[in-house]
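# Examination of the molecular architecture
Residue strings, one per chain:
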Amino acid sequence: MESQMLASLQKLKTRIDAFPRMTLTTLPTPLEKLSNLSRELNVNLYIKRDDQTGLAMGGNKSRKLEFIIADALAWLIHQRRES
């Protein structure tokens, strides 16, 4: 079951990597252990530091923007070639 899930994730990653993308962010962002809260709750807790993508806005907005800008630039180049 786990090998099927890994194969599916790899297939998904391959499909996503096929889309044009303009790099705007510094990825991957780090995971940071929340030591005090982990100790208090007796579990290991981590936070994904999407505030460190390199843009003022972090997270999925900047990741999505990488695809939107690449698509817009490809469209613009296509339009200029046709005119």
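Residues numbered from 1 in each chain as written. Predicted model: local features only at pLDDT ≥ 70, side-chain atom pairs only at ≥ 80, totals over all residues. Heavy atoms only, no water.

Quick look at the overall build of the chain now. Per the secondary structure count, the chain includes three helices and two strands. Walking the chain from its N terminus toward its C terminus, one meets helices and strands in the order α-β-α-β-α. On C-alpha atoms alone, the chain measures out to a radius of gyration of 18 Å, which is more than a quarter above the 12 Å that the 2.2 N^0.38 rule sets for 83 residues. Each principal axis of the C-alpha atoms in the chain carries an extent, and together these give about 65 × 40 × 15 Å. For the chain, with 83 residues in total, the buried portion stands at 11%. Long-range contacts, defined as pairs at least 24 residues apart, comprise 45% of the intrachain contacts of the chain with a sequence gap of at least 6. Taken as a whole, the chain presents about 7,200 Å² of accessible surface, with 59% of it coming from carbon and sulfur. Of the charged side chains in the chain, 13 are positive and 9 negative, and the gap between their average positions amounts to 2 Å. (Helix = DSSP H or I, 4+ residues; strand = E, 2+ residues; numbered from the N terminus. Rg over C-alpha atoms; globule rule 2.2 N^0.38 Å. Buried < 20%, exposed > 50% of the residue type's maximum accessible area, 1.4 Å probe, protein only. Contact = heavy atoms within 4.5 Å. Areas by Shrake-Rupley, 256 points an atom, 1.4 Å probe, with all protein chains shown as cover. Lys, Arg positive; Asp, Glu negative; His and termini not counted. Charge placed at Lys NZ, Arg CZ, Asp CG, Glu CD.)

Residues M5, L6, L9, L12 and I16 make up a contiguous nonpolar surface patch of about 490 Å² in total accessible area. Among the structural elements, L12 can be located in helix α1 (residues 2-17). Classification of L12 as partly exposed rests on a relative accessible area of 46%. (Patch = residues over 30% accessible without salt bridge, like charges linked within 9 Å, V, L, I, M, F, W, Y side chains within 5 Å. Salt bridge = Lys/Arg side-chain N within 4 Å of Asp/Glu carboxyl O.)

The subject of this paragraph is α1. Between its first and last C-alpha, α1 extends 22 Å over 16 residues, near the 22 Å set by a 1.5 Å rise per residue. Burial analysis of α1 places just zero of its 16 residues in the buried class, which makes it a mostly uncovered element. (Expected span 1.5 Å × (residues − 1).)

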